[in-house]
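Residue-level listing of the chains:
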Amino acid sequence: MGSILNKLKSSAPRLDFYKHKHGDCANFNNGTCKAAHFTNINPKETACPHFKHKQTA
């Protein structure tokens with residue numbers, strides 16, 4: 001039973017994206033979300049569920 005709950009929990013969408021901004025997302029490029037194909041996005045607004053951290057060098 002425990003493994004079923006763990007699988008459900010790991011497949012559920014993350015809800016911590018609201019802590020981040022679009023400009024910090026790897027999917028954000030010059031006002032466009034590459035994941036959701038939205039344009040004219042303000043980089044200072046709260047990120048969407050497609051948020052993915054940018055890789056830092």
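Refer to the structure printed above.
Residues numbered from 1 in each chain as written. Predicted model: local features only at pLDDT ≥ 70, side-chain atom pairs only at ≥ 80, totals over all residues. Heavy atoms only, no water.

Caption draft 1: Quick peek at the nonpolar core. One finds Phe17, Cys25, Phe28, Cys33, Ala36, Ile41, Ala47, Cys48 and Phe51 forming the largest nonpolar core, which totals 9 residues. With near-sequence residues (within four places) excluded, alanine 47 lies in contact with Phe17, His20, Lys21 and His22. (Core = buried A, V, L, I, M, F, W, Y, C linked by side-chain atoms within 4.5 Å. Buried < 20%, exposed > 50% of the residue type's maximum accessible area, 1.4 Å probe, protein only. Contact = heavy atoms within 4.5 Å.)

Caption draft 2: Fine view of the side chain of asparagine 27. Following the sequence through the fold, asparagine 27 ends up in the loop between helix H1 (2-11) and strand S1 (28-29). Judged by relative accessible area, which is 14%, asparagine 27 ranks as buried. (Helix = DSSP H or I, 4+ residues; strand = E, 2+ residues; numbered from the N terminus.)

Caption draft 3: Structural detail: unusual backbone geometry. For asparagine 30, which is not a glycine, the phi torsion comes out positive at approximately 55°. Tracing the sequence through the fold places asparagine 30 in the loop between S1 and strand S2 (32-33). For asparagine 40, which is not a glycine, the phi torsion comes out positive at approximately 60°. Looking at where asparagine 40 falls in the secondary structure, it is placed in the segment after S2.

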